[in-house]
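# Descriptive analysis of the structure
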Amino acid sequence: MKTKWNIVIMAVLIASHTQAENEAIHMNSSSIQSWASGVQSVSYGSDVAAEWKTPAKALGHAEGTSYDIVCLGRGGQITLTFPRGISNGDGNDFAIFENGISDTFLELGWVEVSTDGIHFVRFRNKIQNQTPVASFGTVDPNSIVAGLASKYMQGYGTPFDLNHMQELYNYVSQGGGPPITAAHKTQLLTNFP
């Protein structure tokens, strides 16, 4: 999993009601089976101070604060591992937690998964906002349609369903499906199998 947030494995996710159109999972939900337990790799992008380069803070239970985090900066990534892996069950399979301080001050990121730690495939993502978000800018969480972490403020995780990845691959490999970029299509068709 490549992202800059704490990651959690979920069984059956129970929707909470903290934001409009949400299916957020609270960090203390009884549906959480385990938390990320290892850092396979980390690389930092631009605009990140040394004090936030703390990959160990991506492990274990989310604290739900603005300070107990690892920050990767623009273009950074982290690959986390789990004690029992993540399997494709019924409904959402895992969630990503971030440190957004409000319902609209969010730091979004792509989410990729891998079965071997080498070949990663990105979740399809879509946001209705067509303009870049400035530093310290805000995002309407209802404009996030799919596939981006982290749609919810600190303490709440954005859930992901591995079955969506299988469905996207099935559609794209058969010449159909939702619109994705050429680069995403190539990555999906090359790395998913």
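Throughout this document, residue positions are counted from 1 along each chain, in the order its sequence is written. In keeping with the model being predicted, local features are shown solely for residues with a pLDDT of at least 70 and side-chain atom pairs are shown and tallied solely at 80 or more, while totals for entire chains, interfaces and linings include all residues. Processing note: side-chain calculations cover all non-hydrogen atoms of the structure and skip hydrogens and water entirely.

## Details of the overall build of the protein
Inclusion rule: Secondary structure elements are defined from DSSP: runs of H or I of at least 4 residues count as helices, runs of E of at least 2 residues count as strands, and each element is numbered from the N terminus. Relative accessibility under 20% of the residue-type maximum defines a buried residue, over 50% an exposed one, and the middle range a partly exposed one, all with a 1.4 Å probe and only protein chains included. Contacts are residue-level and defined by heavy atoms, with any inter-residue pair within 4.5 Å sufficient. In these tables, accessible area is a Shrake-Rupley quantity obtained with a 1.4 Å probe, and a residue counts as shielded only by the protein chains included in the view.
When helices and strands are counted, the protein shows 2 helices and 13 strands. Across the 193 residues in the protein, those meeting the buried criterion constitute 42%. Within the protein, contacts between residues separated by at least 24 positions form 69% of all contacts whose residues are at least 6 apart in sequence. With an accessible surface of roughly 9900 Å², the protein has 51% of that area assigned to carbon and sulfur atoms.

## Some words on the nonpolar core
What counts here: Working definition of a nonpolar core: buried Ala, Val, Leu, Ile, Met, Phe, Trp, Tyr and Cys residues. They are joined through side-chain atoms within 4.5 Å.
Within the largest apolar cluster, 14 residues are counted, with the highest numbers of intra-cluster contacts made by Phe94, Val111, Phe123, Phe160 and Leu188. Ranked by residues supplied to this core, first place goes to helix H1 (residues 162-173) with 5 residues. Excluding residues within four positions of it along the chain, Phe123 makes contact with Phe94, Val111, Val113, Gly147, Phe160, Asp161, Leu162, Met165 and His184.

## Section: H1
An α-helical turn contains 3.6 residues, so any two residues separated by three or four positions project in the same direction. How we decide: Here a helix's expected span is defined as the number of its residues, less one, multiplied by 1.5 Å. Picture the helix axis, draw a direction to every C-beta atom, and the arc is the one those directions span.
Between its first and last C-alpha, H1 extends 17 Å over 12 residues, near the 16 Å set by a 1.5 Å rise per residue. Of all the residues in H1, the buried ones are Leu162, Met165, Leu168, Tyr169 and Val172. Each buried residue of H1 sits inside an arc of 110 degrees when the element is viewed along its axis, so together they form one side. Next to the buried residues of H1 lie strand S6 (94-97), strand S8 (112-113), strand S9 (121-122), strand S13 (156-160) and helix H2 (182-191). Among the residues trailing H1, Gly175 stands out with phi positive, at a value near 90 degrees.

## Some details on the confidence of the model for the protein
For clarity, the threshold we go by: pLDDT expresses how confident the predictor is about each individual residue, on a scale running from 0 to 100.
Chain-level statistics for the protein give a pLDDT mean of 82 and a share of 88% at 70 or above. The weakest mean pLDDT in the protein belongs to strand S1 (residues 6-10) at 35; the strongest belongs to H2 at 93. Contacts for the low-pLDDT stretch residues 1-21, under 50 throughout, to residues beyond four places or in other chains number 109 contacts.

## Section: the pattern of salt bridges
Where side chains of opposite charge bring their charged atoms close, a pairing between them can arise. Under the convention used in this document: Whenever a carboxyl oxygen of Asp or Glu lies within 4 Å of a side-chain nitrogen of Lys or Arg, that contact is scored as a salt bridge.
Counted under the stated rule, the structure contains 3 salt bridges. Residues Arg74 and Asp47 are paired through a salt bridge, measuring 3.8 Å at the closest nitrogen-oxygen approach. A residue pair is termed long-range when its members are at least 10 positions apart, and Arg74 in the loop between strand S4 (38-43) and strand S5 (77-81) and Asp47 in the loop between S4 and S5 qualify at 27 residues. Neither Arg74 nor Asp47 differs from the other in exposure class; each is exposed. Measuring nitrogen to oxygen at the nearest pair gives 4.0 Å for the salt bridge that ties Asp68 to Lys57.

## As for H2
Buried residues of H2: His184, Gln187 and Leu188, and no others. For H2, the angular spread of buried residues about the axis comes to 95 degrees, placing them on one side. Within H2, the exposed residues directed more than 90 degrees away from the buried face are Ala182, Ala183 and Thr190. Residues of H2 that are buried in the fold lie against S8, S9 and H1.

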